[in-house]
Amino acid sequence: GVAEAMGAAVPVLLGRGNQFAGAVEEHRLGRIVGETVEDWIAVLDLLEEGLPNDMGENGRKYAREHLSWGPVSARLRDLYREAAGGVH
């Protein structure tokens, strides 16, 4: 999946509807692909040229900082506490 690709430092290609699309644009983790045939042709042309190496490293960093167990469990714990009325 997308998270696994980012963790492996592989730049990702996503459609706008993907949950990671905003992060991909904001953090330069890969490219967002439009819906038309022309959009896909443009991305295939780009792939032949090669995506910048920093996109893969950016993805690895993003995955480590946002998708590893530490940050995910902290967010989940906060959600449970909020749902329980602020219990600590």
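Residues numbered from 1 in each chain as written. Predicted model: local features only at pLDDT ≥ 70, side-chain atom pairs only at ≥ 80, totals over all residues. Heavy atoms only, no water.

*Asks:* Describe the pattern of salt bridges, listing the residues and the values that go with them.
*Replies:* Under the criterion given, the structure shown has three salt bridges. Residues Arg16 and Glu25 are paired through a salt bridge, measuring 2.9 Å at the closest nitrogen-oxygen approach. Relative accessible area serves as the criterion here: at 57%, Arg16 is assigned to the exposed category. Taking relative accessible area as the criterion, Glu25 reaches 46% and is therefore assigned partly exposed. Among the ionic pairs, Asp54 bridges to Arg28, the shortest N-O distance being 2.9 Å. Taken together, the positions of Asp54 in helix H4 (residues 53-67) and Arg28 in the loop between helix H2 (21-27) and strand E2 (30-33) put the pair 26 residues apart, joining distant regions of the chain. In this structure Asp54 comes out as partly exposed when scored by relative accessible area, which is 35%. What makes Arg28 partly exposed here is its relative accessible area of 35%. (Salt bridge = Lys/Arg side-chain N within 4 Å of Asp/Glu carboxyl O. Buried < 20%, exposed > 50% of the residue type's maximum accessible area, 1.4 Å probe, protein only. Helix = DSSP H or I, 4+ residues; strand = E, 2+ residues; numbered from the N terminus.)

*Asks:* Explain helix H3 (residues 37-49) residue by residue, including any values.
*Replies:* The end-to-end C-alpha separation of H3 is 19 Å, in line with the 18 Å expected for 13 residues at 1.5 Å each. One or two steps after H3, the chain reaches Gly50, where phi turns positive at roughly 100°. (Expected span 1.5 Å × (residues − 1).)

*Asks:* Explain the environment of Val12 residue by residue, including any values.
*Replies:* Along the chain, the position of Val12 falls in strand E1 (residues 12-15). For Val12, a relative accessible area of 5% translates into the label buried. Measuring from C-alpha to C-alpha, the distance between Val12 and Arg28 comes to 9.6 Å, with 16 residues separating the pair along the chain. Among residues more than four places away in sequence, those in contact with Val12 are Val2, Ala5, Met6, Val24, Leu29, Gly30 and Arg31. (Contact = heavy atoms within 4.5 Å.)

*Asks:* I'd like to hear about unusual backbone geometry, residue by residue, with values.
*Replies:* Positive phi outside glycine occurs at Ala9, with the angle close to 65°. By the secondary structure assignment, Ala9 is in the loop between helix H1 (2-7) and E1. In this structure Ala9 comes out as buried when scored by relative accessible area, which is 17%. Its identity is not glycine, yet Arg28 carries a phi of approximately 55°, on the positive side.

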